[in-house]
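# Descriptive analysis of the structure
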Amino acid sequence: MSKYYLNYLDELESEAIFILREVWAQFENPVILFSGGKDSILVTYLAKKAFYPSKIPFALMHVDTGHNFPETIQFRDDLIHELGVNLIVGSVQESIDSGRVAEEKGKNATRNALQITTLLDAIESNKVDCAIGGGRRDEEKARAKERFFSHRNDFGEWDPKNQRPELWNLLNGKHFEGEHFRAFPISNWTEMDVWNYIKRENISIPSLYFAHEREVVYRNNSWIPFSEHLNLEDGEKIEKKKIRFRTLGDITITGGIESDADTLEKIANEVSTMRKTERGDRSDDKRSETAMEDRKKQGYF
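Here's a quick rundown of the structure. Bear in mind that the values here come from a model prediction, so they are computed numbers and not experimental data. (Residues numbered from 1 in each chain as written. Predicted model: local features only at pLDDT ≥ 70, side-chain atom pairs only at ≥ 80, totals over all residues. Heavy atoms only, no water.)

## Looking at the side chain of Asp 250
Formally: Where helices and strands are cited, they refer to DSSP runs of H or I of at least four residues and of E of at least two residues respectively, numbered from the N terminus. Relative accessibility under 20% of the residue-type maximum defines a buried residue, over 50% an exposed one, and the middle range a partly exposed one, all with a 1.4 Å probe and only protein chains included. Any pair of residues with heavy atoms lying within 4.5 Å of one another is described as a contacting pair.
Residue position: Asp 250 is located in the loop between β9 (239-244) and β10 (257-258). Residue classification places Asp 250 among the buried residues on the basis of a relative accessible area of 4%. Setting aside residues up to four positions removed in sequence, Asp 250 forms contacts with Thr 65, His 67, Phe 69, Thr 110, Arg 111 and Asn 112.

## Looking at the pairing of β9
Applied cut-off: DSSP calls a pair of strands paired once it identifies at least 2 bridges connecting them.
As judged from the five bridges shared by strand β7 (residues 212-219) and β9, these two strands associate in the antiparallel manner. Bridge pairing in β9 links His 212 to Ile 243. Here two bridges tie β9 to β10, and the two strands are oriented antiparallel to one another. Counted as the bridge partner of Arg 244 is Ile 257 from β10.

## Quick notes on the pairing of strand β2 (residues 59-64)
Put simply, the rule is: Every crossover in which the path from the first strand over the helix to the second runs clockwise, viewed with the strands pointing away from the viewer, is termed right-handed.
For β2, the buried fraction is high: five of the six residues fall into the buried class. Across three bridges, the pairing between strand β1 (residues 30-33) and β2 is parallel. The residue bridging Leu 33 from the neighbouring strand is Met 61, located in β2. A crossover links β1 with its parallel partner β2, the connecting element being helix α2 (residues 38-51), and its sense is right-handed. Judged from the five bridges that link them, β2 and strand β3 (residues 87-91) form a sheet pairing that is parallel. Among the inter-strand pairings, Leu 60 is bridged to a residue of β3, identified as Leu 87. Taken together, β2, helix α3 (residues 70-83) and β3 form a β-α-β motif whose crossover is right-handed.

## Digging into the nonpolar core
As a reminder of what qualifies: For our purposes a nonpolar core is just a set of buried Ala, Val, Leu, Ile, Met, Phe, Trp, Tyr and Cys residues, chained together by side-chain atoms within 4.5 Å.
In this structure, Phe 58 and Trp 189 are the most contacted members of the largest nonpolar core, which totals 54 residues. Secondary-structure elements contributing two or more residues to this core are α1 (3-26), α2, α3, β4 (130-132), β6 (180-183), α6 (191-201) and α7 (264-272). Apart from the residues lying within four places of it in its own chain, the contact partners of Trp 189 are Leu 12, Glu 13, Ala 16, Leu 42, Leu 46, Arg 136, Asp 138, Val 194 and Tyr 197.

## Some words on the pattern of salt bridges
Where we set the bar: Put simply, a salt bridge is a Lys or Arg side-chain nitrogen that is within 4 Å of an Asp or Glu carboxyl oxygen.
Within the structure shown, the criterion is met by 20 salt bridges. A salt bridge links Asp 77 to Arg 76; its shortest N-O distance comes to 2.9 Å. For Asp 262, the salt bridge identified is with Lys 266, shortest N-O distance 3.2 Å. Members of the salt-bridge network, linked through shared partners, are Asp 10, Glu 13, Lys 49, Arg 200 and Glu 201.

## Notes on the packing of aromatic side chains
Heads up, the condition is: Put simply, two rings from Phe, Tyr or Trp (the six-membered ring, in Trp's case) pair if the centres are within 6.5 Å, and we call them stacked under 30 degrees between planes, edge-to-face over 60, tilted for the rest. Charge-over-ring placement is defined geometrically: NZ (Lys) or CZ (Arg) within 6 Å of the ring centre, and within 35 degrees of the ring normal.
Evaluated as defined, the whole model comprises 11 aromatic pairs. Taken together, the ring pairs connect Trp 24, Phe 51 and Phe 58 into an aromatic cluster. In this structure, Arg 137 is placed above the aromatic ring of Phe 148, and the distance from its NZ or CZ to the ring centre is 5.5 Å.

Okay, here's the thing in structure tokens:
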């Protein structure tokens, strides 16, 4: 890795730390949205750096769909214990049981969109005024429209045409009662930047990101992990493949890729040659051209 690139990672780190400190300075009760994926892990690590030697001053908030990878939940619990921070869990299953949302049916049913109601309920009940996310502009075209400080109205909705200008280092977090913000400190990072930084800092990540043998089913041009939540259709069969995941979501919608990358070095080398976005194997994003933006306008991450 070149000296220039190391300096560039230092610049990205400094920018993210600045954003995190601005959140703490401007908001009363911010939280980090934690999914157990590499980006939310990175944001949590940067928060640890930003406020060292004190503890991270934010609670972590996880929206639990009930369809998580077991490895992700174990990683989350171990990290919470290590950091000594509070964990807020919003349960999609509880939202279903209470009638707040209705379970989807059919072959491609997912709880992904159901997270919106659970997330907004958790934000309201915990009086959160800023939720810090790990969204990056290179992930998906809708996320390229975000600001560092992204305003949400009192219904939790996002309007990409009604965001505050961000000139120089001036960030405006003022809001009316009931409104809140999302903050994206790694907005300018790319997937390649994330992996090079994780490698440089030797940050722990779930084993799912490393190539390993797993039972999978080929569906929607992706290798979907077989689990108790996946209903097989005629013609589908369970196969064993050596795969890894570039992004982590519900186990029912997160497609893996065939890979031999079982170290951080190999992952970084593999990502550098890829032409397909990391969310290209997420079946929830394949529903329509504007699937992500439509969800975000309703209050999605």
